[in-house]
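Descriptive analysis of the structure
So the chains spell out like this:
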Amino acid sequence: MIRRSNPARASFRRAIRLGLSALLLAVLAGCASTGKVDKLLAQQMKAGNYPAALETVEAERDGSYRGKNRLIYFLERGLLLHYTGQYAESNAAFEEAKRIGNELYTKSLSGEGVSLMSNDYALPYAGENFERTLIHLFASLNYLQLGDLDSALVEVRQVGDYLRKLQIDSSNENVYQEDAFARYLSALLYEAGGEYDAAFVDYKKALEEYEGYGAKFSVSQPPSLPANASRIADRLGDWAQNDLLDRGIEASPRTIPEGSGELVILHYNGLAPAKGQDKFTIPFNEAWALVLALQVATDEEASQQIGRATAFAGSISGVDVVSVAFPKYVDRPYSIAMMAPRVESASDVVGPELVEDIGA
């Protein structure tokens, strides 16, 4: 549940409608080399024993999480502290995760040839792109729980900057470059802060991204989204209303009566897939022929990686065989019977909406 205690932000709390329930698969993915710890953590978290899970992570700080896995330690720590209500401590862990992730992301890529030719885990774990987005989202929720909406807005601005960077850095449209739920949550927070223009921009981005979520991730557009976007459009005026109409969005605004408030519930459900790998061994000459063949059909970013692999290949030309590993995600099945919010004296209660499937 998101608490908002800043009296200067009263505009967002003017409804008694329950607006959004997010079945958010909220376990950040880990590395194969922490597999044994992951299994224990999964058992503890399924039992709801988050303090014990936090103790497990702390006990492995200098074990499974040392060296190349130090980022994972701070991701797990930040998440579990969030679950146990230690929001300031959680954000301290997430800040360190940001620092390490940025450091590894911008570091020299001299070792990528080794990674491409042998094992994805030859390099320090720098985090997946979607994990970087999640760091900011969980940090923003922590700040909300602490009653600090301004700092929460800083986090969602960083999400927007990061997603724009992804779109600039990669020309491959098939990789993660946008996040509909991140945009939806950002829009809600901008609206809470009275930044209606920014809220409208992210509402539109969320509408645009959810159009493809059904095919990509089996997540449909949340029914509440068009109505929320229409509410902000009404506030901004005819130009904003016409903008939505031009996009084919026609929905009655979800109005928030004066003097009322809106309660938004985020429901985390299930465990994200565990990261593993598939490995096979092939003769070096055949492997290199495959790499050179792929070079013809790759984009500029991939070609640069292959170029580094080419330089690396010269140093191992006498090797007879090469072991190649590809990372993969392994689903951890779960089930939920129902989720039905109940709010006494509410004028309206809206049922749950799936807004993100991190596993997909």
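Residues numbered from 1 in each chain as written. Predicted model: local features only at pLDDT ≥ 70, side-chain atom pairs only at ≥ 80, totals over all residues. Heavy atoms only, no water.

1. Digging into the overall build of the chain
- Helix and strand counts for the chain stand at 13 helices and five strands.
- Relative to all contacts within the chain whose residues are 6 or more apart in sequence, the contacts with residues 24 or more apart total 76%.
- For the chain, the exposed area adds up to about 17400 Å²; of that, 51% sits on carbon and sulfur atoms. (Helix = DSSP H or I, 4+ residues; strand = E, 2+ residues; numbered from the N terminus. Contact = heavy atoms within 4.5 Å. Areas by Shrake-Rupley, 256 points an atom, 1.4 Å probe, with all protein chains shown as cover.)

2. What to know about unusual backbone geometry
- Positive phi values are uncommon outside glycine, yet Ser218 reaches one of about 60°.
- For Ser345, which is not a glycine, the phi torsion comes out positive at approximately 65°.
- The residue Ser345 is located in the loop between strand S4 (321-330) and strand S5 (348-349) in this model.
- By relative accessible area, which is 73% here, Ser345 ends up exposed. (Buried < 20%, exposed > 50% of the residue type's maximum accessible area, 1.4 Å probe, protein only.)

3. Some details on the pattern of salt bridges
- Counted by the stated rule, this structure contains 16 salt bridges.
- Taking the shortest distance from any N to any O, the salt bridge between Glu95 and Lys98 comes out at 2.8 Å. You can see Glu95 and its partner Lys98 sitting in helix H4 (residues 87-106), three residues apart, about one turn around the helix.
- Here Arg183 and Glu178 are joined by a salt bridge, their closest N and O atoms 2.8 Å apart.
- The exposure class of Glu178 is buried, given its relative accessible area of 14%.
- Where salt bridges share partners, they join Arg70, Glu96, Arg99 and Glu103 into one cluster. (Salt bridge = Lys/Arg side-chain N within 4 Å of Asp/Glu carboxyl O.)

4. A word on the packing of aromatic side chains
- Per the counting criterion, the structure on display carries 11 aromatic pairs.
- On the numbers, 6.2 Å between centres and 50° between planes, the contact of Tyr65 with Tyr73 is tilted.
- Note on Tyr73: relative accessible area 2%, which makes it buried.
- On the basis of an interplanar angle of 75° and a centroid distance of 4.8 Å, the ring pair of Tyr73 and Phe74 is categorised as edge-to-face.
- Ring pairing ties together the aromatic residues Tyr50, Tyr83, Phe94, Phe138 and Tyr268, which thus form one cluster.
- Against the face of Tyr196 rests Arg235, its NZ or CZ located 4.3 Å from the ring centre. (Phe/Tyr/Trp six-rings, centres within 6.5 Å; stacked < 30°, edge-to-face > 60°. Lys NZ or Arg CZ within 6 Å of the ring centre and 35° of its normal.)

5. Some words on helix H1 (residues 35-46)
- End to end, H1 covers 16 Å across 12 residues, agreeing with the expected 16 Å (1.5 Å per residue, within 8%).
- Among all positions of H1, only Val37, Asp38, Leu41, Ala42, Gln44 and Met45 are buried. Axial view of H1: buried residues confined to an arc of 170°, hence all on one face. Residues of H1 that are exposed and angled more than 90 degrees away from the buried face: Lys36, Lys39, Gln43 and Lys46.
- With its phi angle positive at about 75°, Gly48 sits one or two positions after the end of H1. (Expected span 1.5 Å × (residues − 1). Arc of directions from axis to C-beta.)

6. Some words on the packing of H4 against helix H7 (residues 149-169)
- At their nearest, the axes of H4 and H7 sit 15 Å apart, and the two run at 15° to each other. Here H4 lies roughly parallel to H7, going by the angle between them. As H4 runs across H7, the sense of the crossing is left-handed. Two secondary-structure elements touch here, H4 through Glu95, Lys98 and Tyr105 and H7 through Glu155, Gln158, Lys165 and Asp169.
- Residue composition of the contact of H4 with H7, grouped by class: one nonpolar, one polar and five charged. (Axes fitted to C-alpha atoms, helices over the stretch in contact; angles between N-to-C directions. Parallel < 35°, antiparallel > 145°, perpendicular 65-115°, else oblique. Left-handed = near helix turned anticlockwise from the far one by under 90°. Nonpolar A, V, L, I, M, F, W, Y, C, P; charged D, E, K, R; others polar.)

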